[in-house]
Amino acid sequence: MTLTTPALLFPAISLLLLAYTNRFLVLAQLIRELNEREGAQVRQLVIRQIANLKKRIVLIRSMQAYGVLSFLLCTLSMFCLFMLWELAGQLSFAASLIALLVSLALSLYEIQISCDAINIELESMQDRTES
């Protein structure tokens, strides 16, 4: 394994972290809007959304943490390979890939929960049209 192998992950991990940050910012804005819109009276629909939003915040934080861990391990791998510590470089690169895999799996789960949130909104719209 050469020094360039872990370096190939740098742009991918950076873009992934940017996407995670954007998801977090959109979620934070949604929470602020929901809080402003609902005020003191919280409907049952909103209570379901709050539970969903809390779960998504925890997941996004975990996604970001594993993404950063992957980035750090990838950097450590490059350092080890630069110092000609081949085995340490390979092990830290493998750990980086595992952290990246966990981050992506969490992202997939968060997307599923996001779809559940959209379904809650659709239920609300359907209830209004039937009334």
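Quick notes on the rules
Residues numbered from 1 in each chain as written. Predicted model: local features only at pLDDT ≥ 70, side-chain atom pairs only at ≥ 80, totals over all residues. Heavy atoms only, no water. Helix = DSSP H or I, 4+ residues; strand = E, 2+ residues; numbered from the N terminus. Contact = heavy atoms within 4.5 Å. 1 Å grid on protein atoms, 1.4 Å probe; cavity = no way out; pocket = protein on both sides within 12 Å on 5 of 7 lines; lining within 4 Å. Points joined across faces, edges and corners; volume = space filled by probe spheres on them. Buried < 20%, exposed > 50% of the residue type's maximum accessible area, 1.4 Å probe, protein only. Salt bridge = Lys/Arg side-chain N within 4 Å of Asp/Glu carboxyl O. Patch = residues over 30% accessible without salt bridge, like charges linked within 9 Å, V, L, I, M, F, W, Y side chains within 5 Å. Areas by Shrake-Rupley, 256 points an atom, 1.4 Å probe, with all protein chains shown as cover. Phe/Tyr/Trp six-rings, centres within 6.5 Å; stacked < 30°, edge-to-face > 60°. Axes fitted to C-alpha atoms, helices over the stretch in contact; angles between N-to-C directions. Parallel < 35°, antiparallel > 145°, perpendicular 65-115°, else oblique. Left-handed = near helix turned anticlockwise from the far one by under 90°. Nonpolar A, V, L, I, M, F, W, Y, C, P; charged D, E, K, R; others polar.

(A) The arrangement of the environment of F71 in detail. Residue placement: F71 occurs in helix α3 (residues 44-82). If we skip the residues at most four places from it in the chain, F71 touches F10, I13 and S14.

(B) Looking closely at the layout of surface pockets. As a volume, the largest pocket reaches approximately 280 Å³. Taken together, 14 residues form the lining of the largest pocket, with L27, L30, L53, R56 and A117 sitting closest to its centre. For the lining of the largest pocket, the secondary structure elements donating two or more residues are α2 (9-38), α3 and α4 (86-130). Top element by residues in the lining of the largest pocket is α2. It accounts for 6 residues.

(C) The environment of R48, seen in detail. Here R48 lies in helix α3. Residue R48 is classed as partly exposed on the basis of its relative accessible area of 37%. Along the chain, R48 and S77 lie 29 residues apart, while their C-alpha atoms are 43 Å from each other.

(D) Here's a closer look at the pattern of salt bridges. Scanning the entire structure with this criterion turns up 2 salt bridges. One salt bridge in this structure joins R23 and E110, with 2.6 Å as the shortest N-O distance. Of the two residues, R23 is situated in helix α2 and E110 in helix α4; the sequence distance between them amounts to 87 residues. For R23, a relative accessible area of 28% translates into the label partly exposed. For R56, the salt bridge goes to E110, with nearest N and O atoms at 2.8 Å. Of this pair, R56 sits in helix α3 while E110 sits in helix α4; the two residues are 54 residues apart in sequence, bridging distant segments of the chain. Assessed through its relative accessible area of 0%, E110 is described here as buried.

(E) Structural context of a nonpolar patch on the surface. A contiguous nonpolar patch, built from L3, L76, F79, F82, M83 and W85 and spanning about 610 Å² of accessible area, is present on the exposed surface. Mapped onto the elements of the fold, M83 is located in the loop between α3 and α4.

(F) Just the packing of aromatic side chains, in detail. Counting across every chain of the model gives 2 aromatic pairs. For the ring pair F10 and F71, a centre distance of 4.7 Å and an interplane angle of 55° mean the geometry is tilted. Of this pair, F10 sits in helix α2 while F71 is found in helix α3, placing the two residues 61 residues apart along the sequence. The exposure class of F10 is partly exposed, given its relative accessible area of 24%.

(G) The arrangement of the packing of α3 against α4 in detail. Close contact between α3 and α4 brings their axes to 7 Å; oriented N to C, the two are set at 165°. Classified by the angle between their axes, α3 and α4 sit roughly antiparallel to one another. Crossing of α3 over α4 shows left-handed handedness. By residue class, the composition of the contact of α3 with α4 is 22 nonpolar, 13 polar and 8 charged.

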